[in-house]
Amino acid sequence: MSLSFFDQFTSPCLLGIPLILLSMLFPALLLPSQSNRWVNNRLSTLQSWFLHLITKQLMIPLNKKGHKWALILTSLMMLLLTINLLGLLPYTFTPTTQLSMNMAFALPLWLATLLTGLRNQPSISLGHLLPEGTPTLLIPALIMIETTSLLIRPLALGVRLTANLTAGHLLIQLISTATTALLPIMPAASALTTLILLLLTILELAVAMIQAYVFVLLLSLYLQENI
Amino acid sequence: VLHTTRPLHTTLQRLAPLPPLPEKGGEVRYGLIPEEFFQFLYPKTGVTGPYMLGTGLLLYFLSKEIYVINHETVAAACILSVIIYGVKKYGSDVAAFADKLNEEKIAKALAVKNEAIKDLEAAIEQEKKEQWRAEGHTYLFDAKRNNIVMLLETNYRERLLTVYNEVKKRLDYQVAMQNLKRQKEQDHMIQWVEKNVVQSITPQQQKESIAKCILDLKALSKSAQAAV
């Protein structure tokens, strides 16, 4: 089949049945579920070690009330990590390239942190709008700026993830198209392009993992301010 | 898990003890295709059978353009080479790390058990020592008993000594009294005799005795020579 550059970003559909839900839930099938053994196989041991590492990293800066968020943040991290990494395989659809999904993650979670802060400690929450030690004249302008930056956070979270992944995938497509097109004409240039593609693939692997981590880390930071 | 709906004889019969995990995973060739597939085809097609099947399928897909070579193929080649490189290079290390995690878990539990055993053995040693000490108590009590008896004996003898001394003092007093009385009587008599004798010496007798003494002295002085 002939693929255009944007076929990989269309929501998958088989015989008229939308498969988007399946593509979002599938990565969970690949992870081992909990067993009732004390000593597990290697995969389960590594998974529990990794989950323990992530949870520790995310929860150390938070106070005791913030530990209620442990489950949602850790599971979000695992979901984004698996979706991003699986998206690097050929012919796979990456749900996190859809802005709708990322905004659906970012906006409610950010709003939850904001409302928690406003409900439990409103003055401290609003106090974050003015950094310490600002000159008196700048205060009104700075409050406007900080409010804008606060309100743009969910947009930033969603768009950051979408843009990074979409751009990465698109670059992979473009460079591999260049490789394929150059192969009959100038094999040497094609080889060079393949080298670039290899480096880009390694970068994309890193970006996939980092973006998932950054998303969750920023959410935990917003939580720290507000809890 | 709804335990009533399982196949009765082929699933796990009891929840504990769990059957042990197998030592190694299933054998795979080229990391993807299980050995059982090759064994399955071996009776009919020999060793090269699965490879012929694979090559045939691949060429079929390519020639009939069921699989089209496009840019995704190149991307696929890249990501697969990266993955295979990663697995080959770091696979054994990751497996060793996972094994180390499990080993540490087991070692911690074993350490607790060994610690408990050591503490109990030390307690047994202590108990044995205490029992030996308790045996020695009889000797201790004997020595103490002897001590007390000796003290009592000493005390008794001291008191005996005191009694003896007191009695002796009384008797000495009586003896001394008698001696004193005798002495006094003697002295008194001597005095009386002397007094009477001195009184009875008349002047005449005094002159005679003095003249006699002088004559004796002269006689002695004649016989004795003074030493020079």
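Remember, predicted model here, so these are calculated numbers, not experimental data. (Residues numbered from 1 in each chain as written. Chains lettered and ligands numbered in written order. Predicted model: local features only at pLDDT ≥ 70, side-chain atom pairs only at ≥ 80, totals over all residues. Heavy atoms only, no water.)

A look at the overall build of chain A
- Along chain A, the regular secondary structure elements total eight helices and two strands.
- C-alpha extents for chain A along the principal axes are approximately 65 × 55 × 40 Å.
- If you take every contact in chain A between residues at least 6 apart in sequence, the share linking residues at least 24 apart comes to 72%.
- For chain A, the computed accessible surface area is about 13,000 Å², with 75% contributed by carbon and sulfur atoms.
- Each charge sign in chain A was given a centre, from 9 positive and 5 negative side chains, and these centres are 20 Å apart. (Helix = DSSP H or I, 4+ residues; strand = E, 2+ residues; numbered from the N terminus. Contact = heavy atoms within 4.5 Å. Areas by Shrake-Rupley, 256 points an atom, 1.4 Å probe, with all protein chains shown as cover. Lys, Arg positive; Asp, Glu negative; His and termini not counted. Charge placed at Lys NZ, Arg CZ, Asp CG, Glu CD.)

Concerning the overall build of chain B
- For chain B, the helix and strand inventory stands at four helices and two strands.
- Written out in order from the N terminus, the α and β elements of chain B read β-β-α-α-α-α.
- Against the 2.2 N^0.38 benchmark of 17 Å for 228 residues, chain B shows a C-alpha radius of gyration of 67 Å, more extended than a compact globule.
- Each principal axis of the C-alpha atoms in chain B carries an extent, and together these give about 200 × 65 × 35 Å.
- In chain B, buried positions account for 8% of the 228 residues.
- When the accessible surface of chain B is split by element, carbon and sulfur atoms take 64% of a total near 20,600 Å². (Rg over C-alpha atoms; globule rule 2.2 N^0.38 Å. Buried < 20%, exposed > 50% of the residue type's maximum accessible area, 1.4 Å probe, protein only.)

Regarding the packing of helix α4 (residues 99–120) of chain A against helix α8 (residues 187–226) of chain A
Residue and element names in this part refer to chain A.
- Running from N to C, α4 and α8 cross one another at 15°; their axes reach a closest spacing of 8 Å. Taken together, the axes of α4 and α8 are roughly parallel relative to one another. Considering the relative orientation of α4 and α8, their crossing is right-handed. Contact residues: Asn102, Phe105, Ala106, Leu109, Trp110, Thr113, Leu114, Thr116 and Gly117 in α4; Phe215, Leu219, Tyr222, Leu223 and Asn226 in α8.
- In terms of residue class, the contact of α4 with α8 is built from nine nonpolar, five polar and no charged. (Axes fitted to C-alpha atoms, helices over the stretch in contact; angles between N-to-C directions. Parallel < 35°, antiparallel > 145°, perpendicular 65-115°, else oblique. Left-handed = near helix turned anticlockwise from the far one by under 90°. Nonpolar A, V, L, I, M, F, W, Y, C, P; charged D, E, K, R; others polar.)

Describing helix α2 (residues 49–63) of chain B
- Taking 1.5 Å of rise per residue, 15 residues should cover 21 Å, and α2 of chain B covers 21 Å from first to last C-alpha, within 8% of that figure.
- Glutamate 65 of chain B sits one or two residues past α2 of chain B and shows a positive phi near 55°. (Expected span 1.5 Å × (residues − 1).)

A closer look at the interface of chain B and chain A
- Contacts between the two partners involve 28 residues from chain B, matched on the other side by 29 residues from chain A.
- Taken together, the two surfaces of chain B and chain A that pack against each other cover about 2,700 Å², and 69% of this comes from carbon and sulfur.
- Among the residues chain B hides against chain A, the three largest losses belong to His71, Glu72 and Ile79 of chain B. Together they make up 23% of the total.
- At the surface where chain B touches chain A, the tally comes to one salt bridge.
- With its nearest N and O atoms 2.8 Å apart, the salt bridge here joins aspartate 99 of chain B to arginine 42 of chain A.
- Residues belonging to the side of chain B that touches chain A are distributed by class as follows: 20 nonpolar, five polar and three charged. (Buried area = accessible area lost by both parts, 1.4 Å probe. Salt bridge = Lys/Arg side-chain N within 4 Å of Asp/Glu carboxyl O.)

Regarding the UniProt feature "transmembrane region" (unreviewed entry) in chain A
Residue and element names in this part refer to chain A.
- Annotation from UniProt places "transmembrane region" (unreviewed entry) at residues 12–31, 69–89, 138–158, 170–189 and 195–223.
- Summarising residues 69–89: 86% helix, 0% strand, and an end-to-end C-alpha distance of 31 Å.
- Taken end to end, residues 170–189 is 95% helix and 0% strand, and its first and last C-alpha atoms sit 20 Å apart. (UniProt positions renumbered as here; feature names shortened; annotations may be inferred.)

Focus: the packing of aromatic side chains
- For the structure on display, the rule yields six aromatic pairs over all chains.
- By way of ring pairs, the aromatic residues Tyr30, Phe37, Phe38 and Tyr51 of chain B are connected into one cluster. (Phe/Tyr/Trp six-rings, centres within 6.5 Å; stacked < 30°, edge-to-face > 60°.)

Structural notes on the environment of phenylalanine 61 of chain B
Residue and element names in this part refer to chain B.
- Position of phenylalanine 61 relative to the elements: it lies in helix α2.
- On the accessibility criterion, phenylalanine 61 (32% relative accessible area) is partly exposed.
- Each C-alpha atom of the pair phenylalanine 61 and histidine 9 lies 44 Å from the other, and the pair is 52 residues apart in sequence.
- For phenylalanine 61, the contacting residues outside a window of four places in its chain are Ile66 and Tyr67.

Section: the pattern of salt bridges
Residues and elements named next belong to chain B.
- Inspection of every chain in the model, using the stated rule, returns 10 salt bridges over all chains.
- The shortest N-O distance in the salt bridge between arginine 145 and aspartate 142 comes to 2.9 Å. Separated by three residues within a single helix, arginine 145 and aspartate 142 lie in helix α3 (residues 71–200), roughly one turn from each other.
- On the accessibility criterion, aspartate 142 (39% relative accessible area) is partly exposed.
- Here the residues in one salt-bridge network are Glu166, Lys169 and Arg170, joined through shared partners.

Quick word on the side chain of glutamate 204 of chain A
- Inspection of the secondary structure assignment puts glutamate 204 of chain A in helix α8.
- Discounting residues that sit within four places of it in the chain, glutamate 204 of chain A has contacts with Leu88, Gly168, His169 and Ile172 of chain A.

Regarding the nonpolar core
- Formed by 32 residues in total, the largest nonpolar core has its most connected members in Leu73, Leu76, Leu80, Leu157, Phe215 and Leu219 of chain A.
- Elements with a minimum of two residues in this core: α2 (42–59), α3 (70–87), α4, α7 (153–185) and α8 of chain A.
- With eight residues, α3 of chain A is the single largest residue contributor to this core.
- Beyond its immediate stretch of four places on either side in the chain, phenylalanine 215 of chain A contacts Leu76, Leu80, Asn102, Phe105, Ala106, Leu157 and Leu161 of chain A.
- Listed in part, the 10 residues of the second largest apolar core include Ile172 and Leu200 of chain A together with Cys78 and Ile79 of chain B. (Core = buried A, V, L, I, M, F, W, Y, C linked by side-chain atoms within 4.5 Å.)

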